[in-house]
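Reading the structure
Okay, here's what each chain looks like letter by letter:
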Amino acid sequence: MSPLREGKRLEFIKVKPKDEAYYLVVVTYLPFIFLRNTNFHESMVSRKRFLQLSALSAGALLIPSYFFSKNSPSPQNSLTNDDVNTLLKNAKAFCKEKKWAKAKGKYEQIISSRPQEARAYDGLRRCIFQKPKQESAYLEILENAVQKYPDNKDLKQRLYSQYIKMATGNKKVSRLKNSNLLSVAQNKLSELASRYPEDQALQHQLAKVNKLISFKAGEIHHKKNPNIKQQHKENQKLFKARFDQLTNDELSSKLTLLKNKPYKKERENHIRELYLILIKRNVKNHSSDQAIQFAKEYHSLYPKDRSAVYWTRRLGKQKRDFQTLLSMEEKNHQIRQNFWSATSYFNAAKKHQPSNTQKLQILLSEMEQKKTDENQEFVLQCKKTDFYLLQNQTTEAENNINSLLNKKSGIRNTSVIDSVNILVIKYLKKTNQEHLTQKYLYLVINAKDLTTSSDPWEQKIAQLNQNRNFSQSSHLEKLQKFLNKV
């Protein structure tokens, strides 16, 4: 018989105990500790000594291992309600950061201690479904939970809800499970609803599955099912109209209540939606003062929001509130720092601060640096012409206008044509050529007959407008309105 190596034996004894199983092992092999200084080649154990040590080993096997454990409570009760809520919050935070593995670990920790905690299964579902084709895996988890705890209504509801999603979604997976999974869900939910008739959520779920069966959702794909598509449209209309019954005062109170609550990113969309509803309602009711007030609040809260910028700009122009318009455009340009934000800021500064030549020149320089295409080059030349006319630099303005007339002669884009027309009208007005401005609309309408006119300005205007599209009368009406204003 080979000797028992003392070094190996002592190394095993020195390991720090970590769980219940270790204590059992140590006590079971306790007789060997008494032999730590024994050399089996030199000494023999007497019969009496051997029986004593054997009895000690057998007794150790009968001692329950949990007497030596540091964690005496059972796993089922190791987490309090506060612990569960804290873990759920931590897991939700990990989900927001897209740290799915960490979030999944938290949910699994809750389920291992509180296997009937339905909220943990909801979070676990979200984590598991970050990978494709995980329906069967999650379904197995729910089925095992329901099998262990058949009286848990919340777990059953989640299981049957998953049946519905599988039956109306991934047909391959649902057919592997059951070819008629929707009917299975209907039967199970009917049984559960009869036991809990007061549960409105359960009754709603049963009504939903009944409707899906009547639409043959388990047989026809939802993208090709006319009944489901129609139902989806109706749901969208109902969702959009959910605030229609509330008055403006009630909506304002709801908005104030939301803003006074502790900050949550999820609330931002709700706040934005209420602002837009209030602005549009006031615009429709011609309450422009109230509308611009909501728009200014909206923009101050969310200066990056394009809807906030749009409505503040539109209502500022409508009310001729150039101070509001200028401050909004300045903030918008500071945030975006692109060609179009510089252009809008230039327009507002030209209206409110026409004498601030330095600011206008700086903005033109920024536009020059940030332009990237031919369209932006055209807009820049238009703004430069505006600036020259504002500064009474008629020679530079005329050169720019002639360049634009040559480049845009014969084009069909009515918006571009009228942008040049407005610059020409401004120039003619500035240089006191009112005989041309008075018959400008005549020149535009009869452009094809005047392309060879002896008057150089009439010829240029006619060549610009010769291929103009007259199908949309609104462009001509706007041009007439501008001429009347001039």
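The residue numbering used here restarts from 1 in each chain and proceeds along that chain's sequence as written. Totals for whole chains, interfaces and linings use all residues, but because this is a predicted model, local features are given only for residues with pLDDT of at least 70 and pairs of side-chain atoms are given and counted only at 80 or more. By convention in this description, side-chain values take in all heavy atoms of the structure and omit both hydrogens and water.

**Focus: the overall build of the protein**
- Helix numbering and strand numbering both begin at the N terminus, where a helix is a DSSP run of H or I of at least 4 residues and a strand a DSSP run of E of at least 2. A count of helices and strands for the protein gives 26 helices and 0 strands.
- By residue count, 36% of the 486 residues in the protein fall in the buried class.
- Two residues qualify as a contact provided that any one of their heavy atoms is within 4.5 Å of a heavy atom in the partner residue. Once local pairs closer than 6 in sequence are excluded, the contacts in the protein between residues at least 24 apart make up 52%. Remark: exposure states derive from per-residue accessible area (1.4 Å probe, protein chains only) relative to the maximum for the residue type, with buried under 20%, exposed over 50%, and partly exposed in between.

**Re helix H17 (residues 322-336)**
- For H17, built from 15 residues, the straight-helix expectation of 21 Å at 1.5 Å per residue is met to within 8% by its first-to-last C-alpha distance of 20 Å.
- The inward-facing, buried residues of H17 abut helix H15 (288-301), helix H16 (306-319), helix H18 (339-352) and helix H19 (357-370).
- Looking one or two residues past H17, Gln337 carries a phi angle of roughly 55 degrees, positive in sign. Take the number of residues in a helix, subtract one, and multiply by 1.5 Å to get its expected span.

**Describing the packing of aromatic side chains**
- Pairing of aromatic rings covers Phe, Tyr and the six-membered ring of Trp, with a centre-to-centre limit of 6.5 Å; geometry is then stacked below 30 degrees between planes, edge-to-face above 60, and tilted otherwise. A complete count under the given rule lists 9 aromatic pairs for this structure.
- Judged by centre distance (4.9 Å) and plane angle (90 degrees), the rings of Phe339 and Trp340 are edge-to-face.
- Here Phe339 falls in the buried class, since its relative accessible area comes to 2%.
- The ring of Tyr302 is capped by Arg272, whose NZ or CZ atom sits 4.3 Å from the centre of that ring.
- Geometry around Trp457 places Lys460 over its ring, the cationic atom sitting 4.8 Å from the centre. Look at NZ for Lys and CZ for Arg. If either is within 6 Å of the ring centre and within 35 degrees of the ring normal, a charge sits over the ring.

**Some details on the pattern of salt bridges**
- We define a salt bridge as a contact between a side-chain nitrogen of Lys or Arg and a carboxyl oxygen of Asp or Glu at a distance within 4 Å. A full pass over the atoms with the stated rule returns 20 salt bridges.
- Linking Lys259 and Glu297 is a salt bridge whose minimum nitrogen-to-oxygen distance equals 3.7 Å. Of this pair, Lys259 sits in helix H13 (residues 248-260) while Glu297 sits in helix H15, and the two are 38 residues apart along the sequence.
- Given a relative accessible area of 26%, Glu297 falls into the partly exposed group.
- The structure contains a network of salt bridges with shared partners spanning Glu368, Lys371, Glu377 and Lys384.

**Regarding the state of the cysteines**
- Disulfide assignment relies on a single distance test, namely cysteine sulfur atoms paired within 2.5 Å. Here the structure, examined in full by the defined rule, presents 0 disulfides.
- Free of any disulfide, Cys95 has its nearest cysteine sulfur in Cys127, 4.1 Å distant.
- Owing to a relative accessible area of 2%, Cys95 belongs among the buried residues under this scheme.
- The class of Cys127 is buried, set by a relative accessible area of 7%.

**As for unusual backbone geometry**
- The phi torsion at Lys133 lies on the positive side, around 60 degrees, for a residue other than glycine.
- A positive phi is found at Gln337, a non-glycine position, where the angle reads about 55 degrees.
- On the basis of relative accessibility, which here comes to 39%, the residue Gln337 falls in the partly exposed class.

**Here we look at the environment of Glu273**
- Here Glu273 shows up in helix H14 (residues 265-284).
- Owing to a relative accessible area of 24%, Glu273 belongs among the partly exposed residues under this scheme.
- Separated by 18 residues in the primary sequence, Glu273 and Leu255 place their C-alpha atoms 9.5 Å from one another.

**Some words on the packing of helix H21 (residues 394-408) against helix H22 (residues 414-430)**
- The axes used here are C-alpha line fits, helices contributing only the stretch in contact, and every angle between their N-to-C directions lies in the interval 0 to 180 degrees. Two elements in contact, H21 and H22, have axes separated by 10 Å at closest approach and are oriented at 150 degrees. Between H21 and H22, the crossing angle belongs to the class labelled roughly antiparallel. When you trace H21 past H22, the crossing you get is left-handed. Where H21 approaches H22, its residues Thr394, Glu398, Ile401, Leu404, Leu405 and Lys408 are matched on the opposing element by Val416, Val420, Leu423, Val424, Tyr427 and Lys430. Oblique is the label for every angle not falling under 35 degrees (roughly parallel), over 145 degrees (roughly antiparallel), or within 65 to 115 degrees (roughly perpendicular). Less than a right angle of anticlockwise turn of the near helix away from the far helix marks a crossing as left-handed, whereas a clockwise turn marks it as right-handed.

**Brief notes about a positive patch on the surface**
- On the surface, Lys89, Lys92, Lys98, Arg126, Lys254, Lys261 and Lys264 cluster together to form a positively charged patch.
- For Lys254, the location among the structural elements is in helix H13.
- Its relative accessible area of 36% is what places Lys254 among the partly exposed residues. By definition, no residue in a patch forms a salt bridge, and every one has over 30% relative accessible area; like charges are joined within 9 Å, nonpolar side chains (Val, Leu, Ile, Met, Phe, Trp, Tyr) within 5 Å. Using a 1.4 Å probe, the Shrake-Rupley method yields the accessible areas, and only the shown protein chains count as cover for residues. Charged-residue counts in this description rest on Lys and Arg as positive and Asp and Glu as negative, His and the chain ends being excluded. Every charge is mapped to an atom, namely NZ of Lys, CZ of Arg, CG of Asp or CD of Glu.

**Considerations on the packing of H18 against helix H20 (residues 374-390)**
- For the pair H18 and H20, interaxial distance at closest approach is 12 Å and the crossing angle is 20 degrees. With respect to each other, H18 and H20 are oriented roughly parallel. Crossing geometry of H18 relative to H20 is assigned as left-handed. Where H18 approaches H20, its residues Phe339, Trp340, Thr343, Phe346, Asn347 and Lys350 are matched on the opposing element by Asn375, Gln376, Val379, Leu380, Lys383, Asp386, Phe387 and Leu390.
- Grouping the constituent residues of the contact of H18 with H20 by class yields 7 nonpolar, 4 polar and 3 charged. Three categories are distinguished: nonpolar for Ala, Val, Leu, Ile, Met, Phe, Trp, Tyr, Cys and Pro, charged for Asp, Glu, Lys and Arg, and polar for the others, with Gly belonging to the last.

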